[in-house]
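What follows is each chain in one-letter form.
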Amino acid sequence: MTKVQTTFKLYRTLSDHDLTQISRIHGVYGMLSTRVQPTGDEILVEYDASSLSQKEVRGVLEARGLPLT
């Protein structure tokens, strides 16, 4: 397993619905953790790079409707 952390910028504040979607991301194979930064304008994702690419991680987040820039 190769753990990688990457940050994605958000174009708006997260809603309760967005937070629910984030909690479901952990069910995706290879996604290890997600954290919204204290400023609220970024999300930090830790994932297994031997299972997912950064592009795939972004796709998982976008598929759940998260407001990535």
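Keep in mind that what you see is a predicted model, and the values were worked out from it rather than measured.

## Some details on the pattern of salt bridges
Part 1: Counted under the stated rule, the structure contains three salt bridges.
Part 2: Between glutamate 42 and lysine 9 there is a salt bridge, with its nearest N and O atoms 3.0 Å apart. You can see glutamate 42 sitting in strand E3 (residues 42-48) and its partner lysine 9 sitting in strand E1 (residues 3-9), a full 33 residues away along the chain.
Part 3: Two residues, glutamate 62 and arginine 58, come together in a salt bridge whose shortest N-O distance is 3.1 Å. Of this pair, glutamate 62 and arginine 58 both sit in helix H2 (residues 54-63), four residues apart, which is roughly one turn of that helix.
Part 4: According to the relative accessible area criterion, glutamate 62 is partly exposed, its value standing at 41%.
Part 5: You can call arginine 58 partly exposed: its relative accessible area is 26%.

## Describing the sheet that holds E1
Part 1: Here we have three strands laid out as an open sheet, ordered E1-E3-E2, and antiparallel in their pairing. At either margin of the open sheet sits one strand with a lone partner, and together these are E1 and strand E2 (31-36). Sheet twist, expressed as the average angle between the axes of neighbouring strands with direction ignored, equals 20°.
Part 2: With five bridges connecting them, E2 and E3 associate as antiparallel partners. Counted as the bridge partner of valine 36 is isoleucine 43 from E3.
Part 3: Each of E1, E2 and E3 is contacted by H2, which is oriented at about 50° to E1, the strand it contacts most.

## Section: helix H1 (residues 16-24)
Part 1: Looking at H1, one finds that the buried residues are Asp18, Gln21 and Ile22. Burial along H1 is one-sided: seen end-on, the buried residues are contained in an arc of 105°. Summarising the geometry of H1, the exposed residues directed more than 90 degrees from the buried face are Asp16, His17 and Arg24.

Reading the values: the criteria
Residues numbered from 1 in each chain as written. Predicted model: local features only at pLDDT ≥ 70, side-chain atom pairs only at ≥ 80, totals over all residues. Heavy atoms only, no water. Salt bridge = Lys/Arg side-chain N within 4 Å of Asp/Glu carboxyl O. Helix = DSSP H or I, 4+ residues; strand = E, 2+ residues; numbered from the N terminus. Buried < 20%, exposed > 50% of the residue type's maximum accessible area, 1.4 Å probe, protein only. Pairing = 2+ DSSP bridges. Axes fitted to C-alpha atoms, helices over the stretch in contact; angles between N-to-C directions. Contact = heavy atoms within 4.5 Å. Arc of directions from axis to C-beta.

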